[in-house]
Amino acid sequence: MYLRLAEPYELDIVYLMGFDVWGDGLSLDEYLSCCRNSGKYFRGTWYVLVEKEQVVSALIVYSGTFGLQEGSFGLGSVATPPTLRRKGYGSKLVNLVKAELFAHQNCEVLYLHSDIDQQFYKRLGFVSVEGSDCMYIASDDAEFKGSMPDYF
Ligand SMILES: CC(C)(COP(=O)(O)OP(=O)(O)OC[C@H]1O[C@@H](n2cnc3c(N)ncnc32)[C@H](O)[C@@H]1OP(=O)(O)O)[C@@H](O)C(=O)NCCC(=O)NCCS
């Protein structure tokens, strides 16, 4: 199992991983069209977790946007295809991305906005910013002292 950047031809597969929760009543084609033209997605970098040549989970990473200051990164749109959920892929992906950003991309603090019970991310070491859906983890385990980024 390993982490890599998503290839452009894989993006539809990546988008469809979250269709059941983010589809918002759209048809599959409408949803894909929204994703392909999403200004938000253009601002990020997609990572995928691969097992046996199959993409099994994906997320997007942002920096230099959404109020993320220097050394701050954000991750979002974490999704695993419905049939592959609860096998540990989502957790593995978040952990690998976190390790990659801290080790190789001068990341000091990594933020996310949780749409789900924060427990999932707490288990991975993220800390809640009180009274918000925002969570963070710092490379040096420092306490939260920055400014909260916008929703992404
Ligand atoms: C959240 C998600 C990415 C987890 O991926 P995964 O590959 O199943 O991750 P793991 O197997 O490592 O972890 C499974 C855990 O996710 C958590 N989880 C998944 N969906 C959840 C939800 N809607 N609410 C709260 N926790 C949830 C649970 O803690 C679950 O553990 P459990 O099986 O013991 O209940 C996946 O459920 C998904 O794609 N959901 C739809 C998109 C989404 O909501 N993404 C989160 C955006 S913040």
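No experiment lies behind these values; they were computed from the predicted model shown.

Q: For this particular structure, what's the right way to read the UniProt feature "domain: N-acetyltransferase" (unreviewed entry) in the chain?
A: Here, the residues flagged by UniProt with the feature "domain: N-acetyltransferase" (unreviewed entry) are residues 1–149. A distance of 31 Å separates the end C-alpha atoms of residues 1–149, which is 29% helix and 28% strand.

Q: I'm lost on the state of the cysteines in this one. Help?
A: Every disulfide links exactly two cysteines, by a covalent bond between their sulfur atoms. All told, the structure shown has zero disulfides when counted by the stated rule. The thiol of Cys-34 is not disulfide-bonded; the next cysteine sulfur, from Cys-35, is found 6.8 Å away. Exposure remark for Cys-35: the relative accessible area of 5% places this residue in the buried category.

Q: I would appreciate a short explanation of the nonpolar core in the present structure.
A: A general feature of soluble globular proteins is that nonpolar side chains tend to end up buried together. Residues Tyr-15, Tyr-41, Trp-46, Val-48, Tyr-62 and Tyr-111 are the most contacted members of the largest nonpolar core, which totals 24 residues. Element by element, the count of residues in this core is highest for strand E3 (residues 54–63), at four residues.

Q: I'm lost on the site of the ligand in this one. Help?
A: The immediate surroundings of the ligand are formed by 18 residues, with Val-78, Thr-80, Arg-86, Gly-88 and Ser-91 found nearest. At 2.8 Å from a nitrogen atom of the ligand is found a main-chain nitrogen or oxygen belonging to Val-78. Lys-87 places a polar main-chain atom, nitrogen or oxygen, 3.2 Å from an oxygen atom of the ligand. With the chains in place, 74% of the 890 Å² that the ligand exposes on its own is no longer accessible. Broken down by element, the shell around the ligand gets its largest block of residues, three residues, from helix H5 (residues 89–104). Partitioned by chemical class, the residues of the shell around the ligand number eight nonpolar, four polar and six charged.

Calculation notes
- Residues numbered from 1 in each chain as written.
- Predicted model: local features only at pLDDT ≥ 70, side-chain atom pairs only at ≥ 80, totals over all residues.
- Heavy atoms only, no water.
- UniProt positions renumbered as here; feature names shortened; annotations may be inferred.
- Helix = DSSP H or I, 4+ residues; strand = E, 2+ residues; numbered from the N terminus.
- Disulfide = S-S within 2.5 Å.
- Buried < 20%, exposed > 50% of the residue type's maximum accessible area, 1.4 Å probe, protein only.
- Core = buried A, V, L, I, M, F, W, Y, C linked by side-chain atoms within 4.5 Å.
- Near = heavy atom within 4 Å.
- Polar contact = N/O pair within 3.5 Å; in protein donor to acceptor, adjacent residues only side chain to side chain.
- Areas by Shrake-Rupley, 256 points an atom, 1.4 Å probe, with all protein chains shown as cover.
- Nonpolar A, V, L, I, M, F, W, Y, C, P; charged D, E, K, R; others polar.

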